[in-house]
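Residues per chain are reported as follows:
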Amino acid sequence: MAVEFTGPAAYFFGYMGATIALVFAILGAAYGTAKCGVGIMSMGVLHPDMVIKNIMPVRISPLENQRLNNEYKYIFCCF
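Residues numbered from 1 in each chain as written. Predicted model: local features only at pLDDT ≥ 70, side-chain atom pairs only at ≥ 80, totals over all residues. Heavy atoms only, no water.

Undergrad: Give a description of the overall build of the protein that names residues and reports values.
TA: What the protein contains, in helices and strands, is two helices and zero strands. Evaluated residue by residue, the protein yields a buried proportion of 3% over its 79 residues. A total of about 7,200 Å² of accessible surface is found on the protein, and carbon and sulfur atoms cover 74% of it. (Helix = DSSP H or I, 4+ residues; strand = E, 2+ residues; numbered from the N terminus. Buried < 20%, exposed > 50% of the residue type's maximum accessible area, 1.4 Å probe, protein only. Areas by Shrake-Rupley, 256 points an atom, 1.4 Å probe, with all protein chains shown as cover.)

Undergrad: Would you mind going over the environment of G39 in detail, with residue names and values included?
TA: Within the secondary structure, G39 is located in helix α1 (residues 8-46). Overall, G39 belongs to the partly exposed group, its relative accessible area being 35%.

Undergrad: How would you explain a nonpolar patch on the surface if you had to name every residue and give the values?
TA: A contiguous nonpolar surface patch, about 720 Å² in accessible area, is contributed by F12, F13, M16, I20, V23, F24 and L27. Along the polypeptide, F13 turns up in helix α1. Relative accessible area serves as the criterion here: at 58%, F13 is assigned to the exposed category. (Patch = residues over 30% accessible without salt bridge, like charges linked within 9 Å, V, L, I, M, F, W, Y side chains within 5 Å. Salt bridge = Lys/Arg side-chain N within 4 Å of Asp/Glu carboxyl O.)

Any link to function would need more than the numbers given here.
Structure follows, in structure tokens:
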């Protein structure tokens, strides 16, 4: 005997699962951004001459992410 999951509760739990996943992803990104900012600011206090050296990975990260996304699009379109 098969159980059907097509009641109104299925839509509710499906949307709630997607919402919770999105909320946790946003909170994780905010936490990582804040932690990175605190690290760069403390580096500015302790070693002011090395601030630019520590900002470069933060600046290059979106560019690298864009390049990787383009490579993944190319890989997935081939399959």
